[in-house]
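The residues making up each chain are set out below.
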Amino acid sequence: MAQQVLAQANSNSSPPASPQPPRLRTAPRKQERDPPQHREVREAPPPAMAAAAADENQDLTRAFAGLGGMGVDEAALVTALGRWRRHPERRAQFRRGFPGFFSASAGAAAGIERCEDEYLRHLETEFARFKDAAVLWALHPWERDARWAHHVLHGEHGDGRAAHARHPPGLLVEVACTRAADDLLGARRAYQAIYHRSLEEDVAYRVTDATAGLLVGLVTAYRYEGERVSEELAAEEAKALAAAVKAAPASAAAARLVQNEQVVRILATRSKPQLRATFKIYKELNGKPLEEDFVGEPCLQDAVKCLDSPPRYFAEVIGRAFGDDADRQAKAALTRVVASRADADMEEIKDAYAKQHGAKLADAVAKKTHGHYKDALLAMIGK
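From a predicted model like this one, the values you see are computed outputs, not experimental measurements.

## Some remarks on the overall build of the protein
Alright, step 1. The number of helices and strands found in the protein is 22 helices and two strands.
Alright, step 2. Burial statistics for the protein: of 383 residues in total, 43% are counted as buried.
Alright, step 3. A sequence separation of at least 24 residues applies to 68% of the contacts in the protein between residues at least 6 apart.

Shown next, in the form of structure tokens:
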């Protein structure tokens, strides 16, 4: 779609870098005696019209440049396509307002504003956001999780783009630790049906760093989902985790902890209510949450956060997506979280977001996103 829009715009635009407004036809000689101010009114656009054109250009510029990855404002673009028909000078002015995306060409191509390759990729990403949100919402949750896991594990999407450009490795932890036992089992079944091999097999084979053992344990878990909790066991395992942290060398402590058998066993096997009791006692004994002692190892930190409170974890992910320094992964996570949690724990996520950021999630989405992408997110989030 981006290429079509650009092709249409370029086919109708004139090449000069500084096009002039069309000249008025020469007036009859008898009108040369009109007062100067009368001639000025005819030759220059009315102030209201000029202001409206400037506002329109500013709105469209903001719709493209000010988003930073949160969706092109399709409505503004469609309006411009209609109003700027037969006005190539407006499109030229718009291009000149984007020195980061359009640049003046030299040599044989002098006189045109050349579109940078990075801008084309930017447009492709922005126009894809609404499509991605709609497709992810429509997919069966098991298939959705299976496809996400495959993207992470297999490195490319089939078009040469690295998968981790959109999905971080921690997505495996997210899928394994925030889904119900039956849903995680369903994702593994979907993975096998789609890709003709098991998820745990691919994790064991393709994850080659220190996190492999933990990730295999997490994706193969089938946790007890009742509410029964043993306080005695929670105290015992909180002390075991504290001992593992204390015994880890000061250098590269987290990397050693992710391979600690006690740590892996506890996180990969216990029920979530049992783990929450363990995490609570750990904090009481050590004066800080367990994830803080896993600093330097995001795989362990994310596992603890996801197992302890998925809504709090997802609220943090959304908050990072809205940050000024958010990268492509962080922005893509907004679509992922909203599409996958709309029918699960969205109300809890909204409450957690309000506590963390002092604002309603729906208000933040309305402010930070644009176009049909914004409408889709708000529809899934609800008021």
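Structure's up, so let's keep going.
## Concerning helix H12 (residues 231-247)
Alright, step 1. Across its 17 residues, H12 extends 24 Å between first and last C-alpha, which sits within 8% of the 24 Å expected from 1.5 Å per residue.
Alright, step 2. All buried positions along H12 are accounted for by Ala234, Glu237, Ala238, Ala240, Leu241, Ala242, Ala244 and Val245.

## A word on the pattern of salt bridges
Alright, step 1. Applying the stated criterion to the full structure yields 14 salt bridges.
Alright, step 2. A salt bridge links Asp145 to Arg179, with the shortest nitrogen-to-oxygen separation between them at 2.7 Å. On the criterion of sequence distance, the pair formed by Asp145 in helix H7 (residues 141-154) and Arg179 in the loop between helix H8 (171-178) and helix H9 (181-195) is long-range, its members being 34 residues apart.
Alright, step 3. Connected via shared salt-bridge partners are Glu291, Lys305, Asp308, Arg312 and Glu316.

## Section: the packing of aromatic side chains
Alright, step 1. Evaluated as defined, the whole model comprises three aromatic pairs.
Alright, step 2. With a centroid separation of 5.3 Å and an interplanar angle of 65°, the aromatic rings of Tyr313 and Phe314 are classed as edge-to-face. Residue Tyr313 shares its accessibility class with Phe314, and that shared class is buried.
Alright, step 3. Relative to Tyr353, the ring of Phe322 lies with its centre 6.5 Å away and its plane at 90°, an arrangement referred to as edge-to-face. Here Phe322, found in the loop between helix H18 (310-321) and helix H19 (328-341), pairs with Tyr353, found in helix H20 (residues 346-357); they are 31 residues apart in sequence, far enough to count as distant.

## Observations regarding empty space enclosed by the protein
Alright, step 1. Applying the stated criterion to the full structure yields one cavity of 30 Å³ or more.
Alright, step 2. What the largest cavity holds in volume is close to 50 Å³.
Alright, step 3. Ala176, Arg179, Ala180, Ala181, Leu184, Ala221, Arg223, Glu225 and Lys272 are the residues that line the largest cavity.
Alright, step 4. Considered class by class, the residues forming the lining of the largest cavity number five nonpolar, no polar and four charged.

Quick notes on the rules
Residues numbered from 1 in each chain as written. Predicted model: local features only at pLDDT ≥ 70, side-chain atom pairs only at ≥ 80, totals over all residues. Heavy atoms only, no water. Helix = DSSP H or I, 4+ residues; strand = E, 2+ residues; numbered from the N terminus. Buried < 20%, exposed > 50% of the residue type's maximum accessible area, 1.4 Å probe, protein only. Contact = heavy atoms within 4.5 Å. Expected span 1.5 Å × (residues − 1). Salt bridge = Lys/Arg side-chain N within 4 Å of Asp/Glu carboxyl O. Phe/Tyr/Trp six-rings, centres within 6.5 Å; stacked < 30°, edge-to-face > 60°. 1 Å grid on protein atoms, 1.4 Å probe; cavity = no way out; pocket = protein on both sides within 12 Å on 5 of 7 lines; lining within 4 Å. Points joined across faces, edges and corners; volume = space filled by probe spheres on them. Nonpolar A, V, L, I, M, F, W, Y, C, P; charged D, E, K, R; others polar.

Bear in mind that shape data such as this cannot, by itself, settle questions of function.
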